[in-house]
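# Examining the three-dimensional arrangement
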Amino acid sequence: MNMLDSEMVVASLRGEGYGVTDSPEDADTILFNTCSIREQAENKTYSALGRMRQLKQDHPQKVIGVMGCMAQKDQGLIFKRAPFVDIVVGPGQLQQIPDLIRTAQSQGGQHTAVSLGRTDGKVEQVKRSHETFDPLRDPEMRPTPFQAFLRIQIGCDKFCTYCVVPMTRGPEQGRPPQQIFEEAKILADQGAKEITLLGQTVNSYRFRDGETHTSFAELLHLLHEVDGIERIKFVTNYPKDMTVEVLQAVRDLPKVSPYLHVPLQSGSDSVLKRMKRGYTVGDYREMMQRIHEHLPGAAISSDFIVGFCGETEEEFQETIKLTKECRFKNSFIFKYSERTGTKSQKLMADDVPYPTKQRRNNELLAVQNQISLEDNQQFVGAPIEVLVEGRSKKSVKDNESGEIVQLTGRTHCDRIVVFQGNQRLVGQIIPIGIYEATAFTLLGTVVTSESRPQVVQLSL
Ligand code: 5AD
Ligand code: SF4
């Protein structure tokens, strides 16, 4: 979501005649796009801001801005901790950035544009204060020109007790389907082959316009019609809303990736209750069964928080047990980080010692890595369709000039594949034969036209 916000802000500033530079010394305006999901993300921003202090002192005409979730959460506190900052802009006010920069340049002073807090007004007022910002797109700011994010929903109404997102990004609001469809067509015209639909609980998407109601599954059907788009992915899913209707749409629409990121967070009912996740282990198991029934071979991934308030060793071991049972393709594991303003911060003690959080993190990671390795090994010997994304990091270091370089890409199910190939394959979807697997990567070779007839294509 933050990468997309950066793309949008850069597009709007380019419209004003700005260009992008890597060097703060050359920049007239320096904007920090921030995350506040964990304390570590905020600490990184504050230390990066600290490095701007001298620069601003030497060049007071430079405008320094903080945008995104930390701006919404900390607001005036940012001016206290970094008094040289000129503008603070929440994720719901990004469209105001060009004006705010102009005002800071012409009038000086410090300027804040943020949304209303969740209890600062009527629901409709609060919603209106979180405006989604999806204007002209800027292909140059994307990870690659043929892959694009597309926002379908802003905000979140789930209020998991540990999470700051419902405060920073406001109430859940779906974007009108026609607007999303038009944006997908623009992206396809710009060369996007793969779009990733974004929402905090993307599968909870719904849009009502008078009597007309659009569900997430219906939106998938609509977007499937866009010529030029070959792959559709979506993140992040909410377990309770992984309905049969959604799974049938994924099954019936070949462009939609059978890849589902559905965070479990914990394998213990008592912890899930304290987290107010809205489901039990039993509900999650049923969802897994539904997925396997409708989408055999789908890749499922998860997020976990270890060391949540009051998490006992027994509760943590339940997470280990369920992880072994669910066999996720991969998992992102986080140590609980107390966030000001959340229910867990107000009502529960952050009482799991840091070394215990670290140990549980390592233990769960080791279990997951073993599963990921075994999961990847099933592809050894098989060819898989890969969207070639570009040179691998290693290749950039090793081979600057040669034609054949180490390339990296992703399968329909979001598995990373590394192989030797010609640079011109970048942006194409091609079959790669897999000869080795690690927990994180599949290693392969390009399947040539001579070898192709002998190869059986897998749906993955
Ligand atoms: N502490 C640690 N991890 C968190 N997440 C969200 N809030 C917190 C927090 N306070 C994790 C969840 C979520 C992912 C994006 O970040 O696992 O799914
Ligand atoms: Fe945060 Fe829960 Fe909403 Fe995800 S569903 S953004 S974890 S409140």
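Nothing here was measured: the structure is a model prediction, and the numbers come from that model.

With that settled, the discussion passes to the domain arrangement of the chain. Along its sequence, the chain is carved into domain 1 (2-123), domain 2 (142-257), domain 3 (264-376) and domain 4 (380-451). Here the C-alpha centre of domain 4 lies 38 Å away from the C-alpha centre of domain 1.

Another aspect to go through is the site of ligand 1. Taken together, the neighbourhood of ligand 1 is formed by Ile37, Arg38, Tyr162, Gln265, Asp303, Ile305, Phe334, Lys335, Tyr336, Ser337 and Arg339. Here Tyr162 contributes a backbone N or O atom positioned 3.1 Å from a nitrogen atom of ligand 1. Interatomic distance of 2.6 Å between a side-chain N/O atom of Asp303 and an oxygen atom of ligand 1. Protein contacts shield 87% of the accessible area of ligand 1, which totals 410 Å² for the unbound molecule. Mapped by element, the contributors of at least two residues to the shell around ligand 1 are β13 (299-306) and β14 (331-335). A breakdown of the residues in the shell around ligand 1 according to their chemical character gives five nonpolar, two polar and four charged.

Turning our eyes to something else, we now look at the sheet that holds strand β19 (residues 442-446). Reading around the barrel, the five strands line up as β15-β16-β17-β19-β18 and close back on themselves, with mixed pairing between neighbours. Here the strands of the sheet are splayed against their neighbours by 50 degrees on average, with no regard to which way each runs. As defined by bridge partners, strand β16 (residues 404-411) adjoins strand β17 (residues 416-422) across seven bridges and the pair is classed as antiparallel. From the neighbouring strand, Arg410 faces β17, where its bridge partner is Ile416.

Before going further, it helps to examine the pattern of salt bridges. With the rule as written, the count across this model stands at 35 salt bridges. Here Asp86 and Lys56 are joined by a salt bridge, their closest N and O atoms 2.8 Å apart. Residue Asp86 is located in the loop between α5 (76-81) and β3 (87-89), and its partner Lys56 is located in helix α3 (residues 53-58); the two are separated by 30 residues in the primary sequence. Residues Asp86 and Lys56 agree in their burial class; the two are buried. Two residues, Arg251 and Asp252, come together in a salt bridge whose shortest N-O distance is 2.9 Å. Among the ionic contacts, a cluster of salt bridges with common partners joins Asp5, Glu7, Asp134, Arg137, Arg142, Arg151, Arg169, Arg175 and Glu183.

Looking now at helix α6 (residues 97-107). Inspection of α6 places Ile97, Pro98, Leu100, Ile101 and Ala104 among the buried residues, and these make up the whole buried set. Here the buried residues of α6 occupy an arc of 165 degrees about the axis, which is enough to place them on one side. The outward face of α6, more than 90 degrees from its buried face, is lined by the exposed residues Ser106 and Gln107. Buried residues along α6 sit against α1 (2-14), β1 (29-34), β2 (63-68), β3 and β4 (111-113). Positive backbone phi, at 70 degrees, marks Gly108, one or two positions downstream of α6.

Ligand 2 sits among Cys156, Lys158, Phe159, Cys160, Tyr162, Cys163, Val165, Pro166, Gln200, Thr201 and Arg277. Among the residues forming the shell around ligand 2, the class breakdown is seven nonpolar, two polar and two charged.

Bringing unusual backbone geometry into the picture now. With an omega of -5 degrees, the peptide bond running from Val235 to Thr236 counts as cis. For Gln75, which is not a glycine, the phi torsion comes out positive at approximately 45 degrees. Relative to the helices and strands, Gln75 is located in the loop between α4 (69-74) and α5. Relative accessible area serves as the criterion here: at 28%, Gln75 is assigned to the partly exposed category. Residue Arg327 is not a glycine yet carries a positive backbone phi of 50 degrees. When you line up the elements, Arg327 lands in the loop between α14 (313-326) and β14.

What follows deals with the sheet that holds strand β11 (residues 231-235). The three strands are arranged β5-β8-β11 in an open sheet whose pairing can be described as parallel. The two strands at the open ends of the sheet, each matched to only one other strand, are β5 (147-151) and β11. Strand-to-strand, the axes of this sheet are offset by a mean angle of 25 degrees, without reference to chain direction. Where β5 lies against strand β8 (residues 194-198), five bridges are found, and the strand directions are parallel. By the bridge assignment for β8, Leu150 is matched with Leu197. Together, β5 and β8 form the strand contacts of α1, whose direction differs from that of β5 by roughly 95 degrees. Lying on the sheet, helix α9 (residues 177-189) is in contact with β5 and β8; it crosses β5 at an angle near 165 degrees.

Turning our attention to empty space enclosed by the protein. Taken as a whole and assessed by the stated rule, the structure comprises one cavity of 30 Å³ or more. There is about 110 Å³ of room inside the largest cavity. When residues of the lining of the largest cavity are assigned to domains, at least three fall in each of domain 1 (2-123) and domain 2 (142-257).

How each quantity is defined
- Residues numbered from 1 in each chain as written.
- Chains lettered and ligands numbered in written order.
- Predicted model: local features only at pLDDT ≥ 70, side-chain atom pairs only at ≥ 80, totals over all residues.
- Heavy atoms only, no water.
- Domains from an automatic or database assignment.
- Near = heavy atom within 4 Å.
- Polar contact = N/O pair within 3.5 Å; in protein donor to acceptor, adjacent residues only side chain to side chain.
- Areas by Shrake-Rupley, 256 points an atom, 1.4 Å probe, with all protein chains shown as cover.
- Helix = DSSP H or I, 4+ residues; strand = E, 2+ residues; numbered from the N terminus.
- Nonpolar A, V, L, I, M, F, W, Y, C, P; charged D, E, K, R; others polar.
- Pairing = 2+ DSSP bridges.
- Axes fitted to C-alpha atoms, helices over the stretch in contact; angles between N-to-C directions.
- Salt bridge = Lys/Arg side-chain N within 4 Å of Asp/Glu carboxyl O.
- Buried < 20%, exposed > 50% of the residue type's maximum accessible area, 1.4 Å probe, protein only.
- Arc of directions from axis to C-beta.
- Contact = heavy atoms within 4.5 Å.
- 1 Å grid on protein atoms, 1.4 Å probe; cavity = no way out; pocket = protein on both sides within 12 Å on 5 of 7 lines; lining within 4 Å.
- Points joined across faces, edges and corners; volume = space filled by probe spheres on them.

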